[in-house]
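Topology and contacts: notes
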Amino acid sequence: MSHSCRFASGAGIVGLSTAFSLQQRGVQVTVVDRIGPAAGASWGNAGWLSPAFTIPLPEPALLKQGPRALLSPSSPVALAPSADPAVARFMAAFALNCTPHKWASSMRTYATLNAHIYDSFERQIAAGVRGELHAYDMTVGFASLHDATGILDELARVSAAGQQIDVTLLDPRSAREYEPHLTENVALALRLRGQRYLNPGAYVQALADAVIAGGGELRTGIDVTEVRRDGARARVIGTGIDELTDAAVLCSGAWLPRLASAHGVRIPLFAGRGYSCSVPIDTPLQGATYFPAARAAITPRPDGADGRPRIRVAGIMEFADPDKPLNPKRIRVTNDAVRPLLRGIDWSGIDEQWVGSRPLSADGLPLIGGTATPGVYVGGGHGMWGLTLGPLTGELLAEQITTGRTPALTAGLDPLR
Ligand SMILES: Cc1cc2nc3c(=O)[nH]c(=O)nc-3n(C[C@H](O)[C@H](O)[C@H](O)COP(=O)(O)OP(=O)(O)OC[C@H]3O[C@@H](n4cnc5c(N)ncnc54)[C@H](O)[C@@H]3O)c2cc1C
């Protein structure tokens, strides 16, 4: 049977992965986006595919740090002043999920999903997506043993949830032998084996190219304002569109609540805005590097036009409207925190300044599956880890849409929970 599937919105990693997987199952797809591929969070993110850190965000320790961190101007966590009741609703629901029991239960869900992450990317690449994954050992650096306790505890809990982690504690000398860019301020490091990263913008563009090469349609400049049931089909309405489709999949990232709330999706969702920029570095970094206390994720970038190696510095969690303009002060906060920890960087060569919105859900779990409206599906709410989980999400949605069966892996991820 040939299906026709129009996407209400979303040419990010989730929407394009869903389109690609549907196409693999013989479905004719159209992807629409108000701007274009990777216009949302899928471009300037850190590019990590790191199962060890693909874990629930609502965590008991955040309840203690949260209020203190939100009040400091140099904090990597920021709450923009707002009268929006959605902010308070999100924060309250998020706080209720910051219990050890909820975290452990959500972590078991993540551990099941995480076992399939790398295979889902390999399947996309084998089926024609011209993307490239880089395998490496991640360095996690700390200025003190005290700084490391949180992550060590977290990794122990991830392991207790049944996920395999290969981690070694390194003294500063061994850490610098492996990653010479670490400064003397790094007193302790972890080496996390078997991680991968990619160039997110390039990968998502490769996905878009593969969808088009497979006969799919990508329409840009289309702002979807409403999706509704119309007879036996779904009707997609917006700027430049008013069309009927067999199935509509809402993959609009941090903008998801605007379309999904009409379809019974009640779980609070909010934008956790993050920032990044790229800077030249004297010699290539070994691989991605993480400074948890600075909440900074560092990833190698392709060489710049001047031939110099570059890195991306990403961080910040700003709870604010996803359409707010970039605030350069936030980029400075992360860069200032990284400066004493990493040497060889030319901080005068900042480029690719970017802000993007992590689509956060109050319980820290993604939303994957059908809604209260037959023929309308949701793929979103992946928060910190939408790049990592995008291809798997696409496979699961395509399976559900084409077979009518709910895949076992989506247990706990029902958008109507
Ligand atoms: C600083 C930072 C670092 C991160 N690092 C990582 C990482 O290392 N690893 C990882 O796995 N994840 C990471 N993430 C998270 C990841 O980027 C997101 O979870 C992921 O990109 C979400 O993908 P998406 O397809 O759901 O949404 P998006 O990529 O935001 O795509 C949504 C698309 O929908 C379109 N759209 C929205 N509304 C409409 C509408 N009404 N009509 C038409 N189109 C619409 C937008 O234009 C956009 O293109 C990071 C995020 C940030 C901010």
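What this report covers is the structure whose coordinates are included nearby. Per chain, residue numbering runs from 1 following the sequence as it is written. Local features in this predicted model are restricted to residues whose pLDDT is 70 or higher, and side-chain atom pairs enter the listing and the counts only when it is 80 or higher, whereas totals over whole chains, interfaces and linings include all residues. Excluding hydrogens and water, the side-chain figures rest on all heavy atoms present in the structure.

Moving on, we get to the overall build of the chain. By the criteria applied, helices consist of DSSP H or I runs no shorter than four residues and strands consist of E runs no shorter than two, each listed in order from the N terminus. Helix and strand content of the chain: eleven helices and 19 strands. The reference for a compact globule is 2.2 Å times residues^0.38; the radius of gyration itself is calculated from the C-alpha atoms. The C-alpha radius of gyration of the chain comes to 21 Å, within 12% of the 22 Å expected for a compact globule of 417 residues. In what follows, residue pairs with any heavy atoms lying within 4.5 Å of each other are defined as contacts. At a minimum sequence separation of 6, the contacts of the chain that also span at least 24 residues come to 78%. Surface exposure of the chain reaches about 16,800 Å², of which carbon and sulfur atoms provide 54%. A positive count includes Lys and Arg, and a negative count includes Asp and Glu. His and the chain ends are not counted in either. Charge placement uses NZ in Lys and CZ in Arg. For Asp and Glu, CG and CD serve respectively. Across the chain, the centroid of the 38 positively charged side chains sits 4 Å from that of the 37 negatively charged ones. Every accessible area reported is derived by Shrake-Rupley at a probe size of 1.4 Å, with residue values counting cover from the shown protein chains alone.

Before going further, it helps to examine unusual backbone geometry. Here Ala38, not a glycine, exhibits a phi torsion of approximately 60°, which is positive. Mapped onto the elements of the fold, Ala38 is located in the loop between strand E2 (28-33) and strand E3 (48-49). When its relative accessible area of 8% is taken as the criterion, Ala38 is described as buried. Despite not being glycine, Ile316 shows a phi value in the positive range, around 75°. Along the chain, the position of Ile316 falls in strand E16 (residues 310-319). Throughout this description, buried means an accessible area under 20% of the type-specific maximum (1.4 Å probe, protein chains only), exposed means over 50%, and partly exposed covers the range between.

What follows deals with the site of the ligand. Residues in close proximity to the ligand total 35 residues, the closest being Asp33, Ser42, Gly383, Met384 and Thr388. Think of a polar contact as two N or O atoms within 3.5 Å of one another; within protein, one of them needs to be a possible hydrogen donor and the other a possible acceptor, and neighboring residues in sequence only count if both atoms come from side chains. The backbone of Ala41 places a nitrogen or oxygen atom 2.9 Å from an oxygen atom of the ligand. Here a nitrogen atom of the ligand and a backbone polar atom of Met384 are 2.8 Å apart. The fraction of the free accessible surface of the ligand (1,000 Å²) that becomes covered by protein chains is 97%. Tallying contributions element by element places strand E17 (residues 351-361) first for the shell around the ligand, with four residues. Side-chain classes are defined by residue name, with Ala, Val, Leu, Ile, Met, Phe, Trp, Tyr, Cys and Pro counting as nonpolar, Asp, Glu, Lys and Arg as charged, and the others, Gly among them, as polar. Looking at the shell around the ligand residue by residue, the class counts come to 16 nonpolar, 15 polar and four charged. When residues are assigned to domains, the shell around the ligand turns out to be shared by domain 1 (4-43 + 202-266 + 365-410) and domain 2 (48-122 + 132-197 + 270-361), each giving three or more. For this purpose, a residue is taken to be near a molecule or strand whenever a single non-hydrogen atom of the residue falls within 4 Å of it. For each domain, the first and last residues come from an automatic or database assignment.

Turning our attention to the pairing of strand E10 (residues 233-239). Pairing between strands is defined by DSSP: at least two bridges between the two strands are required. For strand E9 (residues 223-230) and E10, the ladder comprises seven bridges, and the chain directions are antiparallel. By the bridge assignment for E10, Arg229 is matched with Ala234. Turn length for the E9-E10 hairpin, with the two strands adjacent in sequence and antiparallel, is two residues, and the turn residue Gly231 shows positive phi of about 65°. Between the antiparallel neighbours E10 and strand E11 (residues 241-245) lie one residue, among them Gly240 with a positive phi of about 85°.

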